[in-house]
Amino acid sequence: LVRGSLLGGYDVARELMGEENLSIAYYEDPELIHDIITTVSDTAFKVYERVCDKIVIDNLFIHEDMAGKSGPLIGPKQIEEFLKPYYTRLWGLLSSNGTKLFSQDSDGNMNPVIDAFLECGVNIMYPFEPAAGMDTVASRQKYGSKLAIKGGIDKHVLRKSKAEIRAELEYKLQPLMREGGTVFALDHRIPNGTPIKYYRYYVDT
């Protein structure tokens, strides 16, 4: 698998400005946000024009980390105005050169903006954090084959009991989810304090 990375349109501005300043700037200084994203977009486009002359990128990857338990820090309107031109420009270039997968990484509850990112070309999302309200089964029922999923298994059950581990796996690995389009995995790193016997049970099960 050949993977190419992009700076997140939200993520890069947050790293430069901080979450609070960025949240205000979307409304009070939108020209600045457009300028940041346009600079990143122009640079990435020039790089990938050269790359695509040499190889086919299988998977375009973008990191955003733009949500918490209560939801994303921007909504569909901001995605439409600020992020979509960046996403679609780069996805247009790479998909026309054979790229099939466009994956986005963001913790937190991304449910309110999944539709907006599908419109941007994204077709894989992860890690689908259950503690933030993400449910892989519900998303598969809603989006079908339009959205592939990585992760989604609640890491916190590993510290609880074998019964809870089995219940989590029976729900998440049900037949609907085994029809394709899912990479089953924990929604993040193994939590500190996980008993080794429960981790082994999880792997075996």
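Refer to the structure printed above.
Residues numbered from 1 in each chain as written. Predicted model: local features only at pLDDT ≥ 70, side-chain atom pairs only at ≥ 80, totals over all residues. Heavy atoms only, no water.

### Overview of the nonpolar core
Inference 1: In terms of nonpolar packing, the biggest core is built from 48 residues, with Ile79, Leu83, Tyr87 and Phe117 touching the most fellow members.
Inference 2: Secondary-structure elements contributing two or more residues to this core are helix 1 (9-17), helix 2 (19-28), helix 3 (30-52), strand 2 (59-63), helix 4 (76-95), helix 5 (114-119) and helix 6 (136-143).
Inference 3: With nine residues, helix 4 is the single largest residue contributor to this core.
Inference 4: If we ignore the near neighbours within four places in the chain, the residues touching Tyr87 are Ile62, Glu64, Phe102, Gln104, Phe117, Cys120 and Val122.
Inference 5: Membership of the second largest hydrophobic core comes to eight residues, among which are Leu158, Leu186, Tyr198 and Tyr202. (Core = buried A, V, L, I, M, F, W, Y, C linked by side-chain atoms within 4.5 Å. Buried < 20%, exposed > 50% of the residue type's maximum accessible area, 1.4 Å probe, protein only. Helix = DSSP H or I, 4+ residues; strand = E, 2+ residues; numbered from the N terminus. Contact = heavy atoms within 4.5 Å.)

### So, empty space enclosed by the protein
Inference 1: Applying the stated criterion to the full structure yields one cavity of 30 Å³ or more.
Inference 2: In this structure, the largest cavity encloses a volume near 40 Å³.
Inference 3: What lines the largest cavity is simply Gln104, Ser106, Met110, Met125, Tyr126, Pro127, Phe128 and Met134.
Inference 4: A per-class count over the lining of the largest cavity returns six nonpolar, two polar and no charged. (1 Å grid on protein atoms, 1.4 Å probe; cavity = no way out; pocket = protein on both sides within 12 Å on 5 of 7 lines; lining within 4 Å. Points joined across faces, edges and corners; volume = space filled by probe spheres on them. Nonpolar A, V, L, I, M, F, W, Y, C, P; charged D, E, K, R; others polar.)

### So, the packing of helix 7 (residues 162-172) against helix 8 (residues 196-204)
Inference 1: Contact geometry for helix 7 and helix 8: axes closest at 10 Å, N-to-C directions at 30°. One element, helix 7, and the other, helix 8, form an angle in the roughly parallel class. The two elements helix 7 and helix 8 meet at a crossing, and its hand is right-handed. Along its contact with helix 7, which presents Lys162, Ile165, Arg166 and Leu169, the element helix 8 presents Tyr198, Tyr201 and Tyr202. (Axes fitted to C-alpha atoms, helices over the stretch in contact; angles between N-to-C directions. Parallel < 35°, antiparallel > 145°, perpendicular 65-115°, else oblique. Left-handed = near helix turned anticlockwise from the far one by under 90°.)

### Describing the pattern of salt bridges
Inference 1: Tallied over the full model, the rule gives ten salt bridges.
Inference 2: Between Lys155 and Asp187 there is a salt bridge; the shortest N-O distance is 2.6 Å. Linking Lys155 in the loop between strand 7 (148-153) and helix 7 with Asp187 in the loop between strand 8 (182-186) and helix 8, this pair joins segments that are 32 residues apart in sequence. Pair check on accessibility: Lys155 and Asp187 agree, each one buried.
Inference 3: Between Arg166 and Glu170 there is a salt bridge, with its nearest N and O atoms 3.4 Å apart. Residue Arg166 and its partner Glu170 are located together in helix 7, separated by four residues, close to a single helical turn.
Inference 4: Among the residues examined, Arg166 registers a relative accessible area of 38% and is labelled partly exposed.
Inference 5: Residues participating in the shared-partner salt-bridge network are Asp11, Arg14, Glu15 and Glu19. (Salt bridge = Lys/Arg side-chain N within 4 Å of Asp/Glu carboxyl O.)

### Brief notes about the packing of aromatic side chains
Geometry of an aromatic ring pair is reported as the spacing of the ring centres plus the angle between the planes.
Inference 1: Counted according to the given criterion, the structure contains seven aromatic pairs.
Inference 2: Ring geometry for Trp91 and Phe102: centres 5.2 Å apart, planes at 20°, overall stacked. Placement of the pair is Trp91 in helix 4 and Phe102 in strand 5 (residues 101-105), with a sequence separation of eleven residues. Summarising the burial analysis for this pair, Trp91 and Phe102 share the class buried.
Inference 3: In textbook terms, an aromatic cluster arises when at least three aromatic residues are bridged by ring pairs, as seen for Tyr86, Tyr87, Trp91, Phe102 and Phe117.
Inference 4: We note Arg89 situated over the ring of Phe45; from NZ or CZ to the ring centre the distance is 4.4 Å. (Phe/Tyr/Trp six-rings, centres within 6.5 Å; stacked < 30°, edge-to-face > 60°. Lys NZ or Arg CZ within 6 Å of the ring centre and 35° of its normal.)

### Topic: helix 7
Inference 1: Within helix 7 the residues assigned to the buried category are Ile165, Glu168, Leu169 and Lys172. The arc that holds the buried residues of helix 7, viewed along the axis, is 95°, so those residues lie on one side.
Inference 2: In this structure, the buried side of helix 7 is in contact with helix 6, strand 7, strand 8 and helix 8. (Arc of directions from axis to C-beta.)

### Here's the deal with the sheet that holds strand 7
Inference 1: Here six strands make up an open sheet; going across it, the order is 1-2-5-6-7-8 and the pairing parallel. Both outer strands of the open sheet, strand 1 (3-6) and strand 8, are each paired with one neighbouring strand and no more. When strand polarity is set aside, the average angle formed by the axes of neighbouring strands in this sheet is 20°.
Inference 2: Where strand 6 (residues 124-126) and strand 7 come together, two bridges link them in parallel fashion. When the sheet's bridge partners are listed, Met125 is paired in strand 7 with Ile149. (Pairing = 2+ DSSP bridges.)

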